[in-house]
Amino acid sequence: MQASVHSFDLDRRCGQVLLDTGRLVPFDAEVFDGSGLRHLRLGQRVSIDVEGDPEDADARLARLWIVGIGPGEVIR
């Protein structure tokens, strides 16, 4: 699944992504730290895995990445 970065706090290393359905899903520092990324820019497209139903109010990101960047990622 993909989403766009809606907000990102570099100091706290957390933020929110905007799903294509218009739903905002938050992510915490642990998810960002596991991404292998150093920074995110607003509007940037990212690949995501969501815990539970992405449309539920308590949905949270389990994984965030950009294809080809980070541990185990290869450009195809």
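The rules behind these values
Residues numbered from 1 in each chain as written. Predicted model: local features only at pLDDT ≥ 70, side-chain atom pairs only at ≥ 80, totals over all residues. Heavy atoms only, no water. Pairing = 2+ DSSP bridges. Helix = DSSP H or I, 4+ residues; strand = E, 2+ residues; numbered from the N terminus. Axes fitted to C-alpha atoms, helices over the stretch in contact; angles between N-to-C directions. Salt bridge = Lys/Arg side-chain N within 4 Å of Asp/Glu carboxyl O. Buried < 20%, exposed > 50% of the residue type's maximum accessible area, 1.4 Å probe, protein only.

### Considerations on the sheet that holds strand β4 (residues 45-51)
Note: strands within a sheet are paired through backbone hydrogen bonds, in either parallel or antiparallel orientation.
Then comes step 1: Ordered by their spatial adjacency, 5 strands build an open sheet running β3-β2-β1-β4-β5, and the pairing between neighbours is antiparallel. Two strands close off the open sheet at either side, each with one partner strand: β3 (24-27) and β5 (60-65). Neighbour to neighbour, the strand axes of the sheet diverge by 45° on average, direction disregarded.
Then comes step 2: Note: β4 against β5, 5 bridges, orientation antiparallel. Residue pairing across strands places D49 opposite R63, the latter belonging to β5.

### Side note on the pattern of salt bridges
Two side chains carrying opposite charge are able to pair once their charged atoms lie near each other.
Then comes step 1: Taken as a whole and assessed by the stated rule, the structure comprises 2 salt bridges.
Then comes step 2: Across the salt bridge formed by R13 and D33, the nearest N and O atoms sit 2.7 Å from each other. Taken as a pair, R13 in the loop between β1 (2-9) and β2 (14-19) and D33 in helix α1 (residues 29-33) lie far apart in primary sequence, 20 residues in all.
Then comes step 3: Residue class for D33 comes out partly exposed when judged on its relative accessible area of 43%.
Then comes step 4: A salt bridge links R45 to D20; the nearest nitrogen and oxygen atoms lie 2.9 Å apart. A residue pair is termed long-range when its members are at least 10 positions apart, and R45 in strand β4 and D20 in the loop between β2 and β3 qualify at 25 residues.

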